[in-house]
Amino acid sequence: MASGNATVKNVISGDTVLLVGGAPAGQKPPEMQISLTGVRAPRLAIPGGEDEPFAFEAKEYLRKMIIGKPVAFKITGDRNNRQFGSITFEGADLAETMATAGYVRADGDDAMQALTEAAQAAKQGMFQPVTATAVRKIATSDNFDLPGFASKFEGRKLNALVEYVMHAGCVKVLIMPQGKSSTYISAVVFMTGIVAPKVKGRSADGSEQAEPYAHEAKHFLELRCLGREVELRLEGTDQYGNLFGTIYHPKGLIVHHLLMEGFCKISEQSAKKMEEPAKLRECMKKAQAAKKRIWQNHVVTEVTGEKEYMAKVIEVSSGDCIIVKPLNQTEEKRLYLASLRAPKLARRPDAQDDPWAFEAYEFCRKKLAGKKVKVVIDFQRPPFETATGNAPPPSDASGNMHYATLFYEGGKSNLNIDLVKQGLVALQYHRAEDDRADCYDDMIEAEKLAKDKKAGIHSLKDPPVHRVINLLGPNNSSRAKSFTESMKRSGQMDCIVEHVFNAGRFKLRVPSQNAQVSFALAGVKAPATARPGRPGNDEPYSHESTAWARELVMQRDGVACVVYQSDKGGNFIGQLLVRNESSKWVDYAELMLAEGCGHTQDFSLQGMANANTLIAIEKKAQEAKKGQWAHREAVQTEVEESVAESLGVVAISHVENAALFYVQRASLEAKLTDLMGKIAAAEGSCGDASTATRGNVVLAQFSADGCWYRAKVENKLIGGKGKGLFIDFGN
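Residues numbered from 1 in each chain as written. Predicted model: local features only at pLDDT ≥ 70, side-chain atom pairs only at ≥ 80, totals over all residues. Heavy atoms only, no water.

Colleague: How do you make sense of the overall build of the chain when you look at a structure like this?
Modeller: Scanning the chain from terminus to terminus reveals 18 helices and 42 strands. A compact globule built from 731 residues should have a C-alpha radius of gyration of about 27 Å, whereas the chain, at 43 Å, is more than 25% larger. Overall size of the chain, expressed as C-alpha extent along the three principal axes, is 145 × 55 × 50 Å. Contacts spanning at least 24 positions in sequence make up 58% of the contacts within the chain whose residues lie at least 6 apart. Side chains of the chain give 93 positive and 89 negative charges; the mean places of these two sets differ by 3 Å. (Helix = DSSP H or I, 4+ residues; strand = E, 2+ residues; numbered from the N terminus. Rg over C-alpha atoms; globule rule 2.2 N^0.38 Å. Contact = heavy atoms within 4.5 Å. Lys, Arg positive; Asp, Glu negative; His and termini not counted. Charge placed at Lys NZ, Arg CZ, Asp CG, Glu CD.)

Printed below as a string of structure tokens:
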């Protein structure tokens, strides 16, 4: 007969136990169920039945003694598909121990009969007087309002006994009587917060269909919980009436151990009901990092560069995209708020913002623009293509997007959580294995609050509508002209700089006029960058001066404008004012000139009250070689040398004004004379030029001398007449 050593995995009744042997990792260990020879314990109830008196007490006496402990066993025979044998625990025969305690009767064994009679005489165990508590009252889902019970005790911890493990995510428990009740409740409980591998039954050919690691995960849970007393925290039922709960093992939450060993994934929906859902993610991350079991092929995404740093907010692009400049760097960096999705702002004049997009943008702008924040990078990933096929701009040179959590107001406030709490953004739901914000579980709670309050995007009311008058660009120049007098009369108006074209030209939103305008500074000019999609080069110091302006005024409160006039292109021209640290208004143009980020323009300075002040500030910056003036002399010398080399000796042919004149190169004088002779010879033999359009080169008669010259048409010809430029002379 078989014999050996094993561990008690479970106690079935007062005379039957389940033993388990050892096995290599990943393999199912051998199990054996043995009933004690020569004795018989009171029988536990089958479903729908009733215990024999003291049956549960007998089982509990044996369970508390040997569960999880090593024993020695010897098989002595079998009967009716049951194996019988002896089990020795700590040198004592279990059958004799149970008989002495009075929890079994002798079954054809004389030695056991003597022990039974002694226990009976002492009225021990099952030989006590039978009372109402000697037989358990068991409630099940068939005869008991389990959802009602779960609702009553939701969030409370109850004492329970794990009777069976269906799989690593589902157990059958016996909940102990509560208060004055004597009723035990038998229920199937699903583990809150996890999705575990399952055995799905058998296929048509009889082979078992099990998900990877299903058996190993089940065995892991059985060794730690089966037959053990645990605390069960009830966490409600789902729509199908399934009971959910958390099992508290003496060494912690059992789901934490299952996750850390890589047996299961997080269930986002049920995890919300737990006490500390954030710890689930910590446990799963450990398994992912170690590539345990279901995560053996998982690719751990590492954050390159600094994970945490301080930065200054330069621009709010939308409710979930912020541009910052790290305090220890000079380059700006685009960040995306982790695990959030904000309503989209319209990027075209003919498009409409998504509902609540403007509110999300304004919340971020007012809280962050120009302020210092703490940046925590939660994860990075390559850009993904959108529905239009265009990928969002990356955050670094390697092309990755940085997803972050931002802390503002000295690190006391979490922007991601605050946006969710206000109902201004939607929480992005992830798969269990996806990266996410470290504060994701707090964001889930914030979203619950927003939904309960029906805040923002969760409101049942119609969203606010924002209509801003667009006065931008040449197409709106006539409309802009009609606003000029009104804006001039308004004097100083608060405004928001929504875009910096260069340090002297901006896109402004003027709330008092409910308008967006293109605004240029009067009396000064800043270096300009090349316009996208058009030929041309950046002017010296254009990028540096633009960056300086962005950092100073972009989207800040405390900026105002004064309109002097508008030009034919629809641009408003005037003064920009900035409130300094002392809350006093200062002229932005003065600050710009002092930093060497621009220069004065003589023709537009005329009539300005502070013209002399601007000139003096510019001169001081030149002498100190601030900003563009540090490179101006070298650039000017290079230009002069280049012009001298390319043009040589010239003759001035026409003067437009002090800053614009035309020249003829002496080296080409002979060619020009020859060309003039050919034109004179061709007089009267040319075709009709009345159909010429703008940009065409034609022969035109100069009224002063009656001669014909080459000319470039500059506007539409009417009756063969129009405006043109004599390209060989410049007039």
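Colleague: I'm lost on the packing of aromatic side chains in this one. Help?
Modeller: When we look at a pair of aromatic rings, we describe it by the centre distance and by the angle of the planes. According to the stated counting rule, one finds 11 aromatic pairs in the structure shown. A ring pair is formed by Phe-379 and Tyr-403, whose centres lie 4.8 Å apart and whose planes are at 10°; its orientation type is stacked. Here Phe-379, found in strand E24 (residues 372-381), pairs with Tyr-403, found in strand E25 (residues 401-408); they are 24 residues apart in sequence, far enough to count as distant. Given a relative accessible area of 4%, Phe-379 falls into the buried group. Each residue in the set Phe-144, Phe-149 and Phe-153 is aromatic and connected to the rest through ring pairs, giving one cluster. Note that Lys-374 overlies the ring of Phe-407, its terminal NZ or CZ placed 5.9 Å from the centroid. (Phe/Tyr/Trp six-rings, centres within 6.5 Å; stacked < 30°, edge-to-face > 60°. Buried < 20%, exposed > 50% of the residue type's maximum accessible area, 1.4 Å probe, protein only. Lys NZ or Arg CZ within 6 Å of the ring centre and 35° of its normal.)

Colleague: Even after reading the chapter, I still don't get the pairing of E25, so can you show me in this structure?
Modeller: Regular strands place their side chains on alternate faces of the sheet. With 7 of 8 residues buried, E25 is to be regarded as a mostly interior element. Here E24 pairs with E25 via 7 bridges, running antiparallel. Within the sheet, the bridge partner assigned to Val-376 lies in E25 and is Thr-405. In the sheet, E25 pairs with strand E26 (residues 413-414) via 2 bridges, with the strands oriented antiparallel. The residue bridging Tyr-408 from the neighbouring strand is Ser-413, located in E26. What sits between E25 and E26 in their antiparallel hairpin is a turn of 4 residues, with Glu-409 showing a positive phi close to 55°. (Pairing = 2+ DSSP bridges.)

Colleague: Just to check I follow, could you spell out the environment of Gln-516 for this structure?
Modeller: Along the polypeptide, Gln-516 turns up in strand E32 (residues 515-521). Side-chain polar atoms of Gln-516 contact the side chain of Glu-498, separated by 2.9 Å. (Polar contact = N/O pair within 3.5 Å; in protein donor to acceptor, adjacent residues only side chain to side chain.)

Colleague: Looking at this structure, I do not really get helix H8 (residues 277-290). What am I missing?
Modeller: Helical geometry note: an α-helix holds 3.6 residues per turn, so side chains three or four residues apart project in the same direction. Helix length check: H8 (14 residues) gives 21 Å between terminal C-alpha atoms against 20 Å at 1.5 Å per residue, within 8%. Every buried residue belonging to H8 is among Pro-277, Leu-280, Arg-281, Cys-283, Met-284, Ala-287 and Gln-288, and all of these are buried. Each buried residue of H8 sits inside an arc of 165° when the element is viewed along its axis, so together they form one side. Along H8, the residues that are exposed and aim more than 90 degrees away from the buried face are Lys-286 and Ala-289. Each element contacted by the buried residues of H8 is listed here: helix H6 (254-260), strand E19 (265-266), helix H7 (268-271) and helix H11 (440-453). Directly after H8, the chain includes Lys-291, whose backbone phi takes a positive value near 55°. (Expected span 1.5 Å × (residues − 1). Arc of directions from axis to C-beta.)

Colleague: What exactly am I supposed to notice about helix H13 (residues 542-553) here?
Modeller: Helix length check: H13, at 12 residues, gives a terminal C-alpha distance of 17 Å against a target of 16 Å (1.5 Å per residue), a fit within 8%. For H13, the full list of buried residues reads Ser-542, Ser-545, Thr-546, Trp-548, Ala-549, Arg-550 and Val-553. Two residues or fewer past H13, Gln-555 is found with a positive phi of approximately 60°.

Colleague: Honestly, the environment of Glu-332 in this entry has me stumped. Any pointers?
Modeller: Within the element layout of this structure, Glu-332 appears in the loop between strand E21 (321-326) and strand E22 (333-337). For Glu-332, a relative accessible area of 33% gives the class partly exposed. Once the C-alpha coordinates of Glu-332 and Leu-605 are considered, the two residues, 273 residues apart in sequence, prove to be 34 Å apart. At 3.0 Å, the side chain of Glu-332 forms a polar contact with the side chain of Arg-550.

Colleague: Which parts of the structure should I look at to understand the nonpolar core?
Modeller: Ranked by size, the top nonpolar core spans 45 residues in total, and within it Val-162, Val-171 and Ile-247 carry the most contacts. Not counting residues up to four positions away in its chain, the partners in contact with Ile-247 are Val-162, Val-171, Met-191, Cys-225, Val-230, Glu-231, Leu-232, Gly-252, Leu-253 and Ile-254. The next biggest cluster of nonpolar side chains, apart from the first, holds 43 residues, and it includes Val-313, Ala-342, Ile-377 and Leu-419. (Core = buried A, V, L, I, M, F, W, Y, C linked by side-chain atoms within 4.5 Å.)

Colleague: What's the story with the environment of Gly-574 in this structure? I'm lost.
Modeller: Inspection of the secondary structure assignment puts Gly-574 in strand E35 (residues 572-579). By relative accessible area, Gly-574 is classed as buried at 2%. For the pair Gly-574 and Val-563, spaced 11 residues apart in the sequence, the C-alpha separation amounts to 4.5 Å. The contact partners of Gly-574, leaving out residues within four places of it in the chain, are Phe-519, Ala-520, Leu-521, Ala-522, Val-562, Val-563 and Tyr-564.

Colleague: Help me out: how do you make sense of the sheet that holds strand E40 (residues 697-701) in this one?
Modeller: The strands making up a sheet associate through hydrogen bonds between their backbones, and the pairing can be parallel or antiparallel. Sheet architecture is open: 3 strands sit in the order E40-E41-E42, paired in antiparallel fashion. Looking at strand neighbours, the two that pair on one side only are E40 and strand E42 (724-726), the edges of this open sheet. The mean angle between the axes of side-by-side strands here comes to 45°, regardless of whether they run parallel or antiparallel. Here 5 bridges tie E40 to strand E41 (residues 708-713), and the two strands are oriented antiparallel to one another. Residue pairing across strands places Val-697 opposite Lys-712, the latter belonging to E41. (Axes fitted to C-alpha atoms, helices over the stretch in contact; angles between N-to-C directions.)

Colleague: Please clarify how the confidence of the model for the chain should be interpreted in this entry.
Modeller: For residues with low pLDDT, the predicted coordinates do not support detailed interpretation. In this model, the chain carries a mean pLDDT of 89, and residues with pLDDT of at least 70 account for 93%. This model gives residues 637-644 a pLDDT under 50, and the stretch forms 1 contact once residues within four places in sequence are excluded. (pLDDT = per-residue confidence, 0-100.)

Colleague: Which parts of the structure should I look at to understand unusual backbone geometry?
Modeller: Working note: non-glycine residues mostly have negative phi, and peptide bonds are mostly trans. Although it is not a glycine, Phe-54 sits at a positive phi angle of roughly 70°. Position of Phe-54 among the secondary structure elements: in the loop between strand E4 (39-40) and helix H1 (55-66). Of note, the phi angle at Ser-339 is positive, near 65°, even though the residue is not glycine. One can find Ser-339 in the loop between E22 and strand E23 (340-341). Classification of Ser-339 by relative accessible area gives buried; the value is 2%.

Colleague: Looking at this structure, how should I read a nonpolar patch on the surface?
Modeller: On the surface, Val-650, Ile-652, Val-655, Phe-661 and Val-663 cluster together to form a nonpolar patch covering roughly 430 Å² of accessible area. The residue Ile-652 is located in strand E38 (residues 650-657) in this model. (Patch = residues over 30% accessible without salt bridge, like charges linked within 9 Å, V, L, I, M, F, W, Y side chains within 5 Å. Areas by Shrake-Rupley, 256 points an atom, 1.4 Å probe, with all protein chains shown as cover. Salt bridge = Lys/Arg side-chain N within 4 Å of Asp/Glu carboxyl O.)

Colleague: I'm lost on the pattern of salt bridges in this one. Help?
Modeller: Between side chains of opposite charge, a pair can form as their charged atoms come close. Inspection of every chain in the model, using the stated rule, returns 33 salt bridges. Residues Glu-216 and Arg-293 are paired through a salt bridge, measuring 2.9 Å at the closest nitrogen-oxygen approach. With Glu-216 in helix H5 (residues 214-225) and Arg-293 in the loop between H8 and strand E20 (308-318), the pair connects residues that are 77 residues apart, well separated along the chain. Given a relative accessible area of 23%, Arg-293 falls into the partly exposed group. A salt bridge links Lys-488 to Glu-485; the nearest nitrogen and oxygen atoms lie 3.6 Å apart. Note that Lys-488 and Glu-485 are positioned in helix H12 (residues 477-490) at a spacing of 3 residues, about one turn of the helix. Given the relative accessible area of 37%, Lys-488 is considered partly exposed. One network of salt bridges, in which partners are shared, links Glu-362, Arg-365, Glu-498, Arg-509 and Asp-557.

Colleague: Is there a simple way to think about the side chain of Ser-477 in this case?
Modeller: Relative to the helices and strands, Ser-477 resides in helix H12. Among the polar contacts made by the side chain of Ser-477, one reaches the main-chain carbonyl oxygen of Pro-474 at a distance of 2.9 Å. Every residue in contact with Ser-477, bar those within four places of it in the chain, is listed here: Lys-568, Gly-569 and Gly-570.

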